[in-house]
Each structure stands twice: as structure tokens, then as C-alpha cells.
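Each chain, written out:
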Amino acid sequence: MNKKWDVVALGEILIDFAPGGKSGAGMPLYECNPGGAPANVLAAVTRQGGRAAFIGKVGSDSFGAFLETTLRECDIDTSGLCVDEDTRTTLAFVSLDETGNRSFSFFRNPGADYMLSKEDVNTDLIRDAATFHFGSLSLTHEPARSATRYAVETAVQAGALISYDPNLRLALWPTADAAREQILAYLHYADIVKISDEEFEFLTGSPDYETGAAAFMEQYGLSCLFVTLGPKGAFYRCNGFGGKLPTYDVKVVDTTGSGDSFMGAVLGKLSKRSAGLNALGEAEIREIVDFANASGSMAARAKGAIPAIPTTEQVLECMRTVPLLNQ
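Here we summarise the structure given alongside this text. (Residues numbered from 1 in each chain as written. Predicted model: local features only at pLDDT ≥ 70, side-chain atom pairs only at ≥ 80, totals over all residues. Heavy atoms only, no water.)

## Some remarks on the overall build of the chain
Under the convention used in this document: Numbering of helices and strands starts at the N terminus; helices are DSSP runs of H or I of at least 4 residues and strands are runs of E of at least 2. Every radius of gyration here is taken over C-alpha atoms, with the globule rule written as 2.2 Å times N^0.38, N being the number of residues. In this description, contact between two residues means that some pair of their heavy atoms is separated by no more than 4.5 Å. What sets the accessible areas is the Shrake-Rupley method with a 1.4 Å probe; for residues, cover comes only from the shown protein chains. In this charge count, Lys and Arg are treated as positive and Asp and Glu as negative; neither His nor the chain ends contribute. Here the site of a charge means atom NZ of a Lys, CZ of an Arg, CG of an Asp or CD of a Glu.
Each helix and strand in the chain was counted, giving 10 helices and 13 strands. For 327 residues, the compact-globule formula gives about 20 Å, and the C-alpha radius of gyration of the chain, at 18 Å, lands near that figure. Reported as C-alpha extents along the three principal axes, the dimensions of the chain are approximately 50 × 45 × 40 Å. Taking the intrachain contacts of the chain between residues at least 6 apart in sequence as the baseline, contacts between residues at least 24 apart amount to 72%. Accessible area for the chain stands at about 13700 Å²; split by element, carbon and sulfur atoms hold 48% of it. Of the side chains in the chain, 28 bear a positive and 41 a negative charge, and the two mean positions are spaced by 2 Å.

Structural data, given as C-alpha cells:
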């Protein structure tokens, strides 16, 4: 049955303040960029021509208004976006090293994103979604944790494909054990999981994702697993097929949102198929991963998350003109 939305995502939307040089007086400047992993994923979906809707919460402030405008400019439906009159929009300050890799300092105590309640969740959007996507940042605090569970269970009952990004940010959890417990608890819901190699090791205790992927997938009933490897590309395992593909040799400026651009590219490609996941052959899987690698690479060429996520045409241009990165 056809659904109105290719992908509906629930979770955080926030402001990423990225380094923007220095003022005339030599003081650091920061650029105000829209971000938040679930919103980033949806931006990648709509830039491929997909139909997407967002469920989350912002504060009643200028940042919240800016984020709502950004979603609309990305052709992402905002009927599931709530405004909290008492809590400010969540902020994150991004630090970049010389290779463009980033670390985050969050201003989220509290933050509007985790004030999303079960009553706030627009279940009509979820029931009309082919794919439902969520991450782990909405699991760190109540009431968003209960809202996320309610939304995921609604999506499962509606027959949606479930996509999950563990997206570990240890600074937002009380302890590493609490993070591990909560993140693992939601893997059983998922059909598709995108995870980094560091997150795989954190959750399983083993750095060997290639050998451990099959057992990990069987334990949690996953259909497809994608392990992003930064400059080394990505590993995939789906329908018994597994392998690794290199990424593209772009000049990296800021890796914020690159993994989300990868994931959105995967979901966007899958949304264009009429057959289910179990019909994916190895050649098609590799085509999807190659496209997703290029999408993630292109997102790393500019500062910010949503502003840097490429269109389909830009991804295809990358695949035609940029050499693969040999690692």
C-alpha cells in the first residue's frame, strides 16, 4: 500500500554553532547552522526528491523559528514539530580538528528536544510513513524516551520499515552503561541500522565489525547493517551479503552530518524501490552504499550539517569526477 511519506523521523533538531573564523578583534566567531541527526537524514531524503516529515520539539525562541523555517525550506513537513513555551531550543557548539573531525559541547539542561512527550507525537504521520527513522539522543531523558518508544511501537504496528541510528553522544548520558543499556534496548525494533565502527565497538565490546556483524544482526533481528568508517568508507551486511566499499577523496572541511547524509541517501534510495528489503541483491546493495558514501563525502566538504547535505545531482557528479580514496 502506498504511503504519503517516504520517511518520517522523530528526534532532535538543534542549532550547531560551528567555528567561523575570528572577528577583527581576534575573537572566535561561530556560524549558526541548523542540525540534529534525524532532521539531517530527512534533508538528505528530500534532496533526492523524497517525501519526508519531522516529529520533534523546539523552544519558543528565535532559534526554534529558524529551525522550523529551515525544515520548510528543505520541503520537510512540519506538522509534527511542537513548540515548548518554557524550554529553550537545544544548542551545540562544534569543535573541529585539523582533519575536519568534530566534537560537541551541548547546551541541553534541559533542552526543548527532549521535552517531547507521548501526547506530542503525531501518530497520523507515523501511520502514513513507509519508513520510520529515529536515533538515540531522544532516549537520554524523559519524557522524550517514552515518546520515542510510543512512536516506534506505533510505526511497527503500522507496518513501517524501522531505521535506527545509535548516534552515541556520551556527554548526554549519565553513564556509559546507561547509554549502552538504552541503545541496545531499541535494536530489537529495527530493520535497518547505521552505526559507526566506534559505536559498534562500544555496544559489542569488539572492534571486529566484519566478523561480528552476522551475530550482531542475528541477535537483534536486523535486516541490514551499515557501518560507517569515515575516510575508510563503509561496511555493509544485508540479506547474507557483506563487504566494504571505499569513499570519495574530497577535501574535508567539516564532518558534521556526514553520517546522516549517508543514512538519508540509503533511505532515499530504498524509498524508490517497489520491492521489500528481502529482495535486495548484492549488486543493488553495493550501488546504494556507493551512492551513500558519495553523499556522506559531499556533506563533509562544507561547514554545517543541513546546509552541506548534497542533492542527487551533486552526489552523481561526485561519483563521476572524484576519485575513490584508497585506504
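Alright, that's what it looks like, and here's the rest.
## Quick notes on helix α7 (residues 209-220)
Note the threshold: Only protein chains enter the area calculation, which uses a 1.4 Å probe; residues under 20% of their type maximum are buried, those over 50% are exposed, and those in between are partly exposed. By arc we mean the arc of the directions from the helix axis to the C-beta atoms, nothing more.
Every buried residue of α7 is listed here: Y209, A213, F216, M217 and Y220. Taken down its axis, α7 places every buried residue within 95 degrees of arc, on the same side. Looking at α7, the residues exposed on the side facing more than 90 degrees away from the buried face are T211, E218 and Q219. Each element contacted by the buried residues of α7 is listed here: α5 (176-185), α6 (197-204), β11 (224-228), β12 (234-238) and β13 (241-245). Positioned one or two residues after α7, G221 has a phi angle of 70 degrees, which is positive.

## A look at the sheet that holds strand β4 (residues 52-59)
Here is the rule we go by: Pairs of strands are assigned from DSSP output, requiring at least two bridges between the strands. The angle between two axes is taken between their N-to-C directions and runs from 0 to 180 degrees, where each axis is a line fitted to C-alpha atoms and a helix contributes only its stretch in contact.
Taken in spatial order, the 9 strands make up an open sheet running β5-β4-β1-β8-β9-β10-β11-β12-β13, and their pairing is mixed. Taken across any chain shown, the strands that pair with only one partner, and hence form the sheet edges, are β5 (76-84) and β13. Averaged over all pairs of adjacent strands, the angle between their axes in this sheet comes to 15 degrees, without regard to strand direction. Of the strand pairs in this sheet, strand β1 (residues 5-10) and strand β8 (residues 129-135) are connected by 5 bridges, and their pairing is parallel.

## What to know about the environment of N293
Its location among the elements puts N293 in helix α9 (residues 282-299). Sequence-wise, N293 and T228 are 65 residues apart; in three dimensions their C-alpha atoms are separated by 8.7 Å. Those residues in contact with N293 that lie beyond four places of it in its chain are G233, A234, L245, P246, T247, Y248 and F262.

## Considerations on the packing of aromatic side chains
What counts here: For Phe, Tyr and Trp, rings pair up if their centres lie within 6.5 Å, where Trp contributes its six-membered ring, and each pair is then called stacked (planes under 30 degrees apart), edge-to-face (over 60) or tilted (otherwise).
Per the counting criterion, the structure on display carries 12 aromatic pairs. With a centroid separation of 4.8 Å and 20 degrees between ring planes, the pair formed by F17 and F93 is classed as stacked. On the criterion of sequence distance, the pair formed by F17 in strand β2 (residues 14-22) and F93 in strand β6 (residues 91-96) is long-range, its members being 76 residues apart. The partly exposed category is assigned to F93, whose relative accessible area is 24%.

## Some remarks on the pairing of strand β10 (residues 192-196)
Cut-off, in case you're wondering: Crossover handedness is defined by viewing with both strands directed away from the observer: a clockwise path from the first strand over the helix to the second marks the crossover as right-handed.
With 5 of 5 residues buried, β10 lies mostly within the body of the structure. Every second residue of β10 is oriented toward a common face, with I192, K194 and S196 on one face and V193 and I195 on the other, all of them buried. Examined bridge by bridge, strand β9 (residues 161-165) and β10 share 2 bridges and lie parallel to one another. Across the sheet, S163 pairs through a bridge with I192, a residue of β10. Tracing the backbone out of β9, into α5 and back to the parallel element β10 gives a crossover that is right-handed. Two elements, β10 and β11, share 5 bridges in a ladder whose sense is parallel. Along β11, the bridge assignment pairs S196 with T228.

## A short note on the packing of helix α8 (residues 258-271) against α9
What counts, and what does not: Should the near helix be turned anticlockwise from the far one by less than a right angle, the crossing is termed left-handed; should it be turned clockwise, right-handed. In this count, Pro and Cys sit with the nonpolar residues alongside Ala, Val, Leu, Ile, Met, Phe, Trp and Tyr, while Asp, Glu, Lys and Arg are called charged and the others, Gly among them, polar.
α9 packs onto α8 with a crossing angle of 145 degrees between their chain directions and a minimal axis gap of 7 Å. Between α8 and α9 lies a crossing whose hand is right-handed. Note on element contacts: α9 touches α8 through I288, V289, F291, A292, N293, S295, G296 and A299, opposite S258, S261, F262, A265, V266, K269 and L270. For the contact of α8 with α9, the per-class residue count stands at 9 nonpolar, 5 polar and 1 charged.

## Digging into the nonpolar core
Here is the rule: Here the nonpolar core consists of buried residues drawn from Ala, Val, Leu, Ile, Met, Phe, Trp, Tyr and Cys, with membership extended through side-chain atoms lying within 4.5 Å.
The biggest cluster of nonpolar side chains holds 49 residues, and the ones touching the most others in it are I13, F54, I192, F226 and L280. Looking at which element gives the most residues to this core, the answer is α9, with 7 residues. Counting 45 residues, the second largest nonpolar core, distinct from the first, contains V121, F132, L184 and Y186.

Any functional reading would require information beyond the geometric quantities listed.
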